[in-house]
Amino acid sequence: MTQKSNTYDVIIVGAGSVGVPTAMALGEMGVKTLVIDRQPSPGQGENKKAIGGIRAKHSDPGKILACLRSLEIFSTWKERYGDNIEWLKGGYAFPVYREAEEKALKNILPIQKRYGLNLDFVSPERIREIVPGINPDGLSGGTFSPDDGSASPLRAVNAFYRRARSFGVSFLFREGVSKIITVKNEVEGVVTGKGTYSAPVVIDAAGPYSRELTRTAGTDIPVTPDSHEAAITEPVQPFFTCMVVDLRPGPDSKNYYFYQNRLGQVVFCITPEPLIVGTDKRETSTFLPQVSARMVNLLPRLKNLRVRRVWRGLYPMSPDGAPLVGWNREVKGLIHATGMCGQGFMLGPGTGEVVARLIRGKRTEDDKVILEGFSPYRKFGGQESLK
Ligand SMILES: Cc1cc2nc3c(=O)[nH]c(=O)nc-3n(C[C@H](O)[C@H](O)[C@H](O)COP(=O)(O)OP(=O)(O)OC[C@H]3O[C@@H](n4cnc5c(N)ncnc54)[C@H](O)[C@@H]3O)c2cc1C
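Residues numbered from 1 in each chain as written. Predicted model: local features only at pLDDT ≥ 70, side-chain atom pairs only at ≥ 80, totals over all residues. Heavy atoms only, no water.

Q: Honestly, the packing of helix α2 (residues 61-81) against helix α9 (residues 365-373) in this entry has me stumped. Any pointers?
A: Axes are the key here: two packed helices are described by the angle between their axes and the distance separating the axes. One way to put it is that α2 packs onto α9 with a least axis distance of 8 Å and a crossing angle of 130°. Looking at the two axes, α2 sits oblique to α9. Of the two elements, α2 crosses α9, and the hand of that crossing is left-handed. Contacts between α2 and α9 involve Pro61, Gly62, Leu65 and Ala66 from the former and Asp366, Val369 and Ile370 from the latter. In the contact of α2 with α9, the residues fall into 5 nonpolar, 1 polar and 1 charged. (Axes fitted to C-alpha atoms, helices over the stretch in contact; angles between N-to-C directions. Helix = DSSP H or I, 4+ residues; strand = E, 2+ residues; numbered from the N terminus. Parallel < 35°, antiparallel > 145°, perpendicular 65-115°, else oblique. Left-handed = near helix turned anticlockwise from the far one by under 90°. Contact = heavy atoms within 4.5 Å. Nonpolar A, V, L, I, M, F, W, Y, C, P; charged D, E, K, R; others polar.)

Q: Which parts of the structure should I look at to understand the pairing of strand β15 (residues 253-260)?
A: Regular strands place side chains that alternate from one sheet face to the opposite one. For β15, a buried count of 7 out of 8 residues is recorded, marking the element as mostly surrounded by other parts of the structure. Across 3 bridges, strand β14 (residues 243-246) lies against β15 in antiparallel orientation. Following the sheet pairing, Asp246 is matched in β15 by Tyr256. Joining the antiparallel neighbours β14 and β15 is a turn of 6 residues, in which Asp252 adopts a positive phi near 50°. What sits between the antiparallel neighbours β15 and strand β16 (residues 265-272) is a turn of 4 residues, in which Gly264 has the positive phi angle 95°. (Buried < 20%, exposed > 50% of the residue type's maximum accessible area, 1.4 Å probe, protein only. Pairing = 2+ DSSP bridges.)

Q: I would appreciate a short explanation of the environment of Arg165 in the present structure.
A: Here Arg165 lies in helix α5 (residues 153-166). For Arg165, a relative accessible area of 46% gives the class partly exposed. Separated by 138 residues in the primary sequence, Arg165 and Gly27 place their C-alpha atoms 8.0 Å from one another. In this structure the side chain of Arg165 is engaged in a polar contact, spanning 2.7 Å, whose partner is the side chain of Tyr161. (Polar contact = N/O pair within 3.5 Å; in protein donor to acceptor, adjacent residues only side chain to side chain.)

Written out as structure tokens, the structure is:
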């Protein structure tokens, strides 16, 4: 029997941080895959809102393992495939000024080391070397993981897209999926404004819109969008390379983080407290004064930098800060690859491979750890320390 042209092995809804690398992994395995996105090109959802930080320094084993693989992919991409994705191995520094953060960071060191992470709690002198000009008053040290880094989310997603295309993966843009088709609680495909596409497996990689999408299949998952703002400065001579994460709370905010990218621009964002739930992406007038006061206090030499652009995007937030990845138990053929919170760019490539192996029934021992931690059916009691 000849296969109909609108029939695939797998349909992925969402060509973002997760959907595109997942498509690349499936394509490489020879799985006939279609990716559909309502945006005009790859990564135009939340992917391009990310500031590009990539770390394996987490406290959750699943995140550590998924991001270790992502780091391998990002850091070797240029030498393997030639595209410049602006990978910069600058490391991640968490400077410490208070006992609370020192305790929290030291508590998770054993688990981080158990999973082979190259990091340590270092002296204040070392932090001052890594972040020249950092405020020394009360600085008691911090953790530093030199193998973490950053890359350009748009360049990376486009490199993954080209590679997925080279394996024969099909992409449709400017098509919104209005419904996941199910018959007797089994996936049969999707409907868009332009047509109907069939597949026995549909992957929900819709990020902040996952709940809305998967409700059309009669299921409900706890992924809620909340908004975060970021900004980028003019380029200046490089003077530090690591991502600096200040975990201390401040006025109406929790942590904030920033780094200087390959082009010399300082990129930064902050976590509002309380979280701003919803899909509003209009920039606010509160963000810049709030975050810049905190940054200049931490690193006074930033004070003369001019900000070029501010933007606001969404985290696909889960109740405990960890992703939701795995088969839906009520709807056969539906896989969730969502709930990435503030880490979908770094989790994307590693998680994409796990999802591809899950579909092919070829899970590795690491995959089992990841899938257990990311199970959509886990208890959402705990909170991840470094979310
Ligand atoms: C300010 C800010 C800074 C961040 N910094 C970082 C960082 O440094 N490092 C990091 O790892 N992460 C960071 N993130 C988080 C990261 O951006 C997200 O976790 C990640 O992009 C989520 O990936 P995703 O694939 O789930 O969603 P997306 O990348 O948004 O992809 C989902 C896609 O699905 C499409 N879609 C949704 N519904 C439908 C539908 N019904 N039909 C068709 N298409 C649909 C959307 O158009 C979108 O393209 C940051 C986020 C923000 C807002």
